[in-house]
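Coordinates in review
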Amino acid sequence: MTRSAPIYPDLGQGIVLAAAFVVAAGCATSDSPLRNTVESPIVPFGDIFASPDTIRLDFEVVVGIASFLDVSQEGHLLIADEISRSAYHFSASGKHIQTYLIGTCQPDHADDRVKFVRFIGGGRVMLLGGDGSVAVFDESGGCVATEFRIPIGLEGACAIGDSVLMQPGYTPYDRPEVHAVTRDLEMLDIWQIEKPEFPRLNRRYKGFGGRSMACFADGPYYKYAEWSDALPVFSRGNVAQVDPVFFTKRVRDIRLGPDVLATRDEINEYPTNSGILAIDNTTRMIVYSKLPIEWCLPDVLLQTGIAVVSNVGAFPARTAIVPFYPVGAANGYVYRQADYEKLPDGDFGNPLILRYKFVPPPDANP
């Protein structure tokens, strides 16, 4: 028996947890839980997103690599920097507001890198460390909560109203779950989700850190590496699943052994689902890595496949091949890190952040 899905009468009020216990509906009995899959045309990236705006980050701090970016409803940026092991809060125009370190709240984890970061509402931000540590800060940088740690770490987290949804790591696989907690990290509820079809693959390949789950108006969606799309945690309904022409379904799990290169080759044998991002409350973007060579752009080192899908069927899904890795999405925009800004003295400053506005098809339903 598992808990029923929460009800979302008003996202501003947070999650209202159902009281009854029911048998979980829609659990997969076939090899793949993805149903109602539809192919989607490949179109130029410029047919889906407008020309970008450029955000210049304040030189008050030095940002090494924007490995993860979250965006508030006001357009503020929260950036995890893999090099400095810090997180930086910037205004929508790029002015530095606050710097966060996990070690500030958890001295025993002072050297822990920031895996990903999230705005969780109420003026609070949450940092997730690479070793499973969690720290919640207020607007002034003060510690609010730290008493929550999953030894196997968190693969994804996102906020809805005044609640935070978390997806623990991919092991063990006998009972994968999604947790709901308060902003003070107090447990609210737990729901069982689908098991991965290929557990060894998911144990070795995590995709983009923190991008295994994203939150929408109909709740959180989650993904595994072998899926062509993502699934909602709660009501399935008739959610269409995208099946891009460049995504070939993997037929077997990888083998685990001491030969690292052989394992890497097995992972690279098929395209992989590397992450899900929320462009807005009803539009998801799936990001794919390790594309077949015939789909790769010539002379481009960093590139991914993307699929933009409406959770509510407002428009047909569309796919594209793009020469970058998306680092964030929100409020109708997708973000990427560009080149480092060249300063007047010839030195280099912080990386530029490019923001692309999503343009729905002309015939999209309102």
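Residues numbered from 1 in each chain as written. Predicted model: local features only at pLDDT ≥ 70, side-chain atom pairs only at ≥ 80, totals over all residues. Heavy atoms only, no water.

**Topic: the sheet that holds strand β19 (residues 231–232)**
We count it as follows: Strand pairing requires that DSSP identify at least two bridges connecting the strands. Only DSSP runs of H or I reaching four residues or more are called helices, and only runs of E reaching two or more are called strands; each is numbered from the N terminus.
On the basis of which strands lie adjacent, the open sheet formed by three strands has the order β17-β18-β19 and antiparallel pairing. Both edges of this open sheet fall to β17 (213–216) and β19, since each of them pairs with a single strand only. Where β17 meets strand β18 (residues 219–222), four bridges bridge the pair, whose relative direction is antiparallel. Of the residues in β18, the one forming a bridge with Phe216 is Gly219.

**Regarding the packing of aromatic side chains**
Rules: Note on ring pairs: Phe, Tyr and Trp rings are taken, using the six-membered ring of Trp, and paired if centres are within 6.5 Å. Classes follow the plane angle, with under 30 degrees stacked, over 60 edge-to-face and the rest tilted. Any residue under 20% of the maximum accessible area for its type is buried, any over 50% is exposed, and the rest in between are partly exposed; the area is computed with a 1.4 Å probe on protein chains only. Note on criteria: charge over ring means Lys NZ or Arg CZ within 6 Å of the ring centre, with the direction from the centre no more than 35 degrees off the ring normal.
Inspection of every chain in the model, using the stated rule, returns 17 aromatic pairs. Centre to centre, the rings of Phe216 and Tyr221 are 5.0 Å apart; their planes meet at 70°, and the pair counts as edge-to-face. Each of the two residues, Phe216 as well as Tyr221, counts as buried. Consider the rings of Phe324 and Tyr356, whose centres lie 5.6 Å apart with planes at 5°: the pair is stacked. With Phe324 in the loop between β24 (318–322) and β25 (326–330) and Tyr356 in strand β27 (residues 348–357), this residue pair connects regions lying 32 residues apart in the sequence. Residue class for Tyr356 comes out buried when judged on its relative accessible area of 8%. Put simply, the rings of Phe45, Phe49, Phe315, Phe324, Tyr356 and Phe358 pair up and form one aromatic cluster. In this structure, Arg211 packs its charged tip against the face of Phe68, placed 3.8 Å from the ring centre.

**Remarks on the nonpolar core**
As a reminder of what qualifies: Nonpolar core, defined: a set of buried Ala, Val, Leu, Ile, Met, Phe, Trp, Tyr and Cys residues in which side-chain atoms within 4.5 Å join the residues together.
Residues Val117, Met126, Leu127, Met166 and Leu185 are the most contacted members of the largest nonpolar core, which totals 27 residues. Those elements that place two or more of their residues in this core are β6 (77–81), α1 (102–105), β9 (114–121), β10 (124–129), β11 (134–137), β13 (154–160) and β14 (163–168). Looking at this core, the element that brings in the most residues is β9, giving five residues. Ile48, Val308, Ala338 and Tyr356 belong to the second-largest nonpolar core, a separate cluster that totals 23 residues.

**Some remarks on helix α3 (residues 260–268)**
Quick note on the threshold: The arc refers to the directions leading from the helix axis to the C-beta atoms. The contact criterion used throughout is that any non-hydrogen atoms of two residues lie within 4.5 Å. Identification of polar contacts relies on pairs of N or O atoms within 3.5 Å, with a donor-acceptor requirement for protein atoms, meaning one able to donate a hydrogen and the other able to accept it, and with residues adjacent in sequence counted only if both atoms are side-chain atoms.
Taken residue by residue, α3 has Thr263, Glu266 and Ile267 as its buried positions. For α3, the buried positions fall inside an angular range of 100° around the axis, keeping them on one side. Buried residues along α3 sit in contact with α2 (199–204) and β21 (272–280). Its side-chain oxygen 3.2 Å from the backbone nitrogen of Leu261, Asp259 forms the N-cap of α3.

**Here's the deal with the state of the cysteines**
In plain terms, the rule: The rule for a disulfide is simple: a pair of cysteine sulfur atoms within 2.5 Å.
A complete count under the given rule lists two disulfides for this structure. Here Cys105 pairs with Cys143 through a disulfide, and the sulfurs are 2.1 Å apart. Every disulfide takes its handedness from the sign of the S-S torsion; for Cys105 and Cys143 that torsion is -110°, giving left-handed. Placement of Cys105 in helix α1 and of Cys143 in strand β12 (residues 143–145) is noted, with a sequence separation of 38 residues between them. Given the relative accessible area of 13%, Cys105 is considered buried. Disulfide pairing places Cys158 opposite Cys215 at an S-S distance of 2.0 Å. Its S-S torsion of about 65° marks the bond between Cys158 and Cys215 as right-handed, since a negative value means left-handed.

**Notes on the pattern of salt bridges**
Worth spelling out the cut-off: Salt bridges are defined by distance alone: a side-chain nitrogen of Lys or Arg within 4 Å of a carboxyl oxygen of Asp or Glu.
Under the defined criterion, the tally for this structure stands at 13 salt bridges. With its nearest N and O atoms 3.8 Å apart, the salt bridge here joins Glu155 to Lys206. Of the two residues, Glu155 sits in strand β13 while Lys206 sits in the loop between α2 and β17, which places them 51 residues apart along the sequence. Judged by its relative accessible area of 6%, Glu155 falls in the buried class. The shortest N-O distance in the salt bridge between Glu197 and Lys249 comes to 3.0 Å. Of the two residues, Glu197 sits in the loop between β16 (187–192) and α2 while Lys249 sits in the loop between β20 (241–242) and α3, which places them 52 residues apart along the sequence. The partly exposed category is assigned to Glu197, whose relative accessible area is 22%. What makes Lys249 partly exposed here is its relative accessible area of 41%. Residues joined in a network through salt bridges with shared partners are Lys115, Glu155 and Lys206.

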